[in-house]
Amino acid sequence: MSQEQWTAVDRYITDHLVAPDALLEAALESSAQAGLPAINVAPNQGKLLMLLAQIHGARRILEVGTLGGYSTLWLARALPPGGRIITLEAVPKHAEVARENFARAGLSDVVEVRVGPALETLPQLAKEGQAPFDLTFIDADKVNTAEYFAWALKLSRQGSVILTDNVVRKGGIIDAASTDANVQGMRRFYEAVAAEPRVSATAVQTVGSKGHDGFSLALVTGGPA
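Described below are features of the structure shown in this document. Worth saying up front: this structure is predicted, and the values here are computed from it rather than measured.

Here we look at the packing of helix α7 (residues 145-154) against helix α8 (residues 181-194)
Their axes nearest at 7 Å, the elements α7 and α8 cross at an angle of 35 degrees. Facing α7, whose interface residues are Thr 145, Ala 146, Glu 147 and Phe 149, α8 presents Met 186, Arg 188, Phe 189, Ala 192 and Val 193. In terms of residue class, the contact of α7 with α8 is made up of six nonpolar, one polar and two charged.

Some remarks on the sheet that holds strand β7 (residues 211-220)
If you walk across this open sheet you meet the seven strands as β3-β2-β1-β4-β5-β7-β6, and the pairing is mixed. Whereas interior strands pair on both sides, the edge strands pair on one side only; in this sheet they are β3 (111-115) and β6 (199-208). Direction aside, neighbouring strands of the sheet carry axes that sit 15 degrees apart on average. On the sheet, helix α6 (residues 118-128) packs against β1 (60-64), β2 (84-89) and β3 and is oriented at approximately 145 degrees with respect to β2.

Quick word on α6
Among all positions in α6, only Ala 118, Thr 121, Leu 122, Pro 123 and Leu 125 are buried. Packing partners of the buried residues in α6 comprise β1, β2, β3 and α7. Directly after α6, the chain includes Gly 129, whose backbone phi takes a positive value near 75 degrees.

Here's the deal with the environment of Gln 158
Looking at the secondary structure, you find Gln 158 in the loop between α7 and β5 (161-165). With 24 residues separating them along the chain, Gln 158 and Asp 134 place their C-alpha atoms 9.1 Å apart. Non-local contacts of Gln 158, meaning those with residues more than four positions away in its chain, are made with Val 220, Thr 221 and Gly 222. A distance of 3.1 Å separates a polar side-chain atom of Gln 158 from the backbone oxygen of Thr 221.

Comments concerning the layout of surface pockets
The calculated volume of the largest pocket comes to roughly 990 Å³. As for the largest pocket, its lining consists of 49 residues, and the residues nearest its centre are Ile 39, Asp 139, Lys 142, Asp 165 and Asn 166. Of all the elements in the fold, those that place two or more residues in the lining of the largest pocket are α1 (3-17), α3 (43-56), α4 (70-76), β2, β5, β6 and β7. The class makeup of the residues in the lining of the largest pocket is 22 nonpolar, 17 polar and ten charged. Here the lining of the second largest pocket gets three residues from one element, more than from any other, and that element is helix α2 (residues 22-33). For the lining of the second largest pocket, a count of residues per class yields eight nonpolar, one polar and three charged.

What about unusual backbone geometry?
It is generally the case that most residues other than glycine have a negative phi and that most peptide bonds are trans. Between Ala 131 and the following residue, Pro 132, the backbone shows a cis peptide bond with an omega angle of 5 degrees. As for its position among the elements, Pro 132 is in the loop between α6 and β4 (135-138). Not every positive phi belongs to a glycine, and Leu 67 is a case in point at roughly 55 degrees. Along the chain, Leu 67 turns up in the loop between β1 and α4. The backbone of Lys 170 shows a phi angle near 55 degrees, a positive value even though the residue is not glycine. With respect to the helices and strands, the residue Lys 170 is situated in the loop between β5 and α8. Taking relative accessible area as the criterion, Lys 170 reaches 69% and is therefore assigned exposed.

Focus: the environment of Leu 125
Among the secondary structure elements, Leu 125 is positioned in helix α6. In this structure Leu 125 comes out as buried when scored by relative accessible area, which is 0%. Separated by 39 residues in sequence, Leu 125 and Ile 86 place their C-alpha atoms 9.4 Å apart.

Let's talk about the side chain of Ser 160
One can find Ser 160 in the loop between α7 and β5. A relative accessible area of 0% places Ser 160 in the buried class. Among residues more than four places away in sequence, those in contact with Ser 160 are His 56, Phe 133, Asp 134, Ala 218, Leu 219 and Val 220.

Reading the values: the criteria
- Residues numbered from 1 in each chain as written.
- Predicted model: local features only at pLDDT ≥ 70, side-chain atom pairs only at ≥ 80, totals over all residues.
- Heavy atoms only, no water.
- Axes fitted to C-alpha atoms, helices over the stretch in contact; angles between N-to-C directions.
- Helix = DSSP H or I, 4+ residues; strand = E, 2+ residues; numbered from the N terminus.
- Contact = heavy atoms within 4.5 Å.
- Nonpolar A, V, L, I, M, F, W, Y, C, P; charged D, E, K, R; others polar.
- Pairing = 2+ DSSP bridges.
- Buried < 20%, exposed > 50% of the residue type's maximum accessible area, 1.4 Å probe, protein only.
- Polar contact = N/O pair within 3.5 Å; in protein donor to acceptor, adjacent residues only side chain to side chain.
- 1 Å grid on protein atoms, 1.4 Å probe; cavity = no way out; pocket = protein on both sides within 12 Å on 5 of 7 lines; lining within 4 Å.
- Points joined across faces, edges and corners; volume = space filled by probe spheres on them.

In structure tokens form, the structure reads like this:
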């Protein structure tokens, strides 16, 4: 199958199962107008995030990597009354666009955006006693994904779920000799998850409008170390 066919199938899925939504479309449009990279999740992937959070009954969600807030909006729709999301974004311009999108959607009181490198803001969450989070979605720079996972685990509880995006890298993860820092970052992530006795995890390959990639899902089965 070709990329064109994968994209067409995604479009077919979205046309049938993901209803048009002005607020989500506005978030994508404002992100594009601001020059943000088009690396947001696809609509059908966004709805998958929402459904997983709903199935889990998540009330407190942590997101590592906001971009323009498209995936955040999907996750916010899964929250029950009183639920809350904290999303971390390293780039101030991205955070500004995301905040505008959240305000347009009436979610400024539900979503908190923290700006700065995640390896600085994650420890701050721990110091503040923000844990535990019921669900964490990791979709930031790939080089530090193993470290983000370690912090997500620290900020979780037994029964929490940790989702991580872009874990296949067009199949690059099987190349131990790759010079791509993103591939090596993801290989370190796999090694960290495989060595962690407190989680039960798997990963799934995906194809679609975003190409050949995949995501992982980890269930926290043990308490803090």
